[in-house]
There are 2 protein chains.
Amino acid sequence: MKSQSFPKPGHDHERCVNSLMVHAETVCRKAGVRLTEQRRRVLEVIGRSHKATGAYDVLEAMEIKGRRTAPITVYRALDFLMSVGLVHRISCLNAFTACHYRHEQSPVQLLICKACGAVGELEEHKVTQAIQTAAAKAGFAIDEPFVEVTGKCAHCCTA
Amino acid sequence: MKSQSFPKPGHDHERCVNSLMVHAETVCRKAGVRLTEQRRRVLEVIGRSHKATGAYDVLEAMEIKGRRTAPITVYRALDFLMSVGLVHRISCLNAFTACHYRHEQSPVQLLICKACGAVGELEEHKVTQAIQTAAAKAGFAIDEPFVEVTGKCAHCCTA
DNA sequence: ATTCGTAACGTTATATTATAACAATTTCAA
DNA sequence: TTGAAATTGTTATAATATAACGTTACGAAT
Ligand SMILES: [Zn+2]
Ligand SMILES: [Zn+2]
Ligand SMILES: [Zn+2]
Ligand SMILES: [Zn+2]
């Protein structure tokens, strides 16, 4: 029901980043897990935009003076961040996006704008329920529903 | 609305394959596109099971006397088969599955059984509509909705 | 039947994404 | 303090996908 719109172009993204990192601390503390330096760095990089970010883009962005960490380091951090819901995987792009919202692990629908690359999120119970109902009719017990929708966001539609 | 159930274990799969290939001919003829030898071979391999098949599994299965075609050949055939709706991509698995059904390009929901690996398909308008409604509320113009659901199929639930 | 443009395929090389295996280090609590 | 578990480092490799370009096959028009 709680429908999160796309971030406006030109918004103060610093605030998104700050809020994201504070939120991350909270989430991890509550869950009794550790937001280590590596995990924080990866989240920071992914959070720098609302677009999908590839694992190797993260890797590159984390590079300090030509010294880069190994891919596995990024993937490990990503796995962790996904496990606590701070990052979503966008499987149709083999990429990732930071979750700037506050849903609590309930299924999300990802909207991917092909024009500007931004990723929006919906948390529509009706969608989840429709899937649930349809699956049940087929006797299928849902583990996890992945909904990824490509298209054009509101800002790009009017532009 | 038209809900396709999972194929029963032990069903006569030869019939599925035959039907699939006949259907493929029809579809291609109607669309005025060519179901070439390579494309046919790729579809045959993927159609051999109701499971998700990786591109390199196809490649391996197409091998004749140690002579294997190049990956690009398989990917090209896959792109073609997807374009005419004879194959679906399962992006959460980086794999593909033959479409044994007769929906006409309308959005499909893929059900992936983690127990037996089988892939079922739904064509629930209610799901598509719920997504459409939710997206519209956010001002998002849908290009294509991808719905992939992992879980346990009816046969594996009772087993 | 010949010609010509396009679609399909072959060939080689390479890009991109992701994980395996095992050692070293850090953390936290008993 | 010390020992088990979690995290990270290091090296190597697996798995998935595409680029570039030349050749062949097909089908329509002359
Ligand atoms: Zn922002
Ligand atoms: Zn956009
Ligand atoms: Zn079958
Ligand atoms: Zn099953």
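Structure first, text after, so check above.
Quick notes on the rules
Residues numbered from 1 in each chain as written. Chains lettered and ligands numbered in written order. Predicted model: local features only at pLDDT ≥ 70, side-chain atom pairs only at ≥ 80, totals over all residues. Heavy atoms only, no water. Contact = heavy atoms within 4.5 Å. Buried area = accessible area lost by both parts, 1.4 Å probe. Salt bridge = Lys/Arg side-chain N within 4 Å of Asp/Glu carboxyl O. Polar contact = N/O pair within 3.5 Å; in protein donor to acceptor, adjacent residues only side chain to side chain. Helix = DSSP H or I, 4+ residues; strand = E, 2+ residues; numbered from the N terminus. Least-squares fit on C-alpha atoms with pLDDT ≥ 70 in both. Donors = N, O, S within 2.8 Å, 3.2 Å for Na, K, Ca; no water. Tetrahedral: all angles 85-135°; square planar, octahedral: opposite > 155°, others 65-115°. Buried < 20%, exposed > 50% of the residue type's maximum accessible area, 1.4 Å probe, protein only. Axes fitted to C-alpha atoms, helices over the stretch in contact; angles between N-to-C directions. Parallel < 35°, antiparallel > 145°, perpendicular 65-115°, else oblique. Nonpolar A, V, L, I, M, F, W, Y, C, P; charged D, E, K, R; others polar.

Another aspect to go through is the interface of chain B and chain A. At the interface, 36 residues of chain B touch 36 residues of chain A. Carbon and sulfur atoms supply 64% of the area buried between chain B and chain A, which totals about 2800 Å² over both sides. Considering only the side of chain B, the residues that lose the most area to chain A are B:Ala138, B:Phe140 and B:Phe146, jointly responsible for 20% of the buried surface there. Put simply, chain B and chain A have four salt bridges between them. Its salt-bridge partner being B:Asp143, residue A:Lys114 comes within 2.4 Å of it at the nearest N-O pair. Counting the contacts that link chain B with chain A gives 14 residue pairs in polar contact (both at pLDDT 80 or more). Secondary-structure elements contributing two or more residues to the side of chain B that touches chain A are strand S4 (109-113), helix H5 (125-137), strand S6 (141-152) and helix H6 (154-158) of chain B.

So, about the relation of the copies chain B and chain A. When chain B is fitted to chain A, the residual RMSD is 0.0 Å, and the transformation amounts to a turn of 180° plus an axial shift of 0.0 Å. Both chain copies can therefore be described as sitting about a two-fold axis. The position closest to the rotation axis in chain B is occupied by the C-alpha of B:Val147, lying 2.3 Å away. Taken together, the interface assignments show that 100% of the residues at the interface of chain B recur at the interface of chain A, consistent with an identical surface on both copies.

Another point: the coordination of the zinc ion (ligand 4). Residues and elements named next belong to chain B. In the first shell of the zinc ion (ligand 4), the protein supplies Cys113 (SG), Cys116 (SG), Cys153 (SG) and Cys156 (SG), at 2.2 to 2.4 Å from the metal. Metal-centred angles of 106 to 116° between the four donor atoms at the zinc ion (ligand 4) mark the site as tetrahedral. In primary sequence terms, the donor set of the zinc ion (ligand 4) follows C-x2-C-x36-C-x2-C. Placement of the pair is Cys116 in the loop between S4 and strand S5 (119-123) and Cys156 in helix H6, with a sequence separation of 40 residues. Looking at Cys116, the relative accessible area reads 28%, which means it is partly exposed.

Residue and element names in this part refer to chain A. Helix H3 (residues 55-62) packs onto helix H2 (residues 37-47) with a crossing angle of 110° between their chain directions and a minimal axis gap of 10 Å. Classified by the interaxial angle, the pair formed by H2 and H3 is roughly perpendicular. The residues of H3 that touch H2, namely those facing Gln38, Arg41, Val42, Val45 and Ile46, are Val58, Ala61 and Met62. Here the contact of H2 with H3 is composed, by residue class, of six nonpolar, one polar and one charged.

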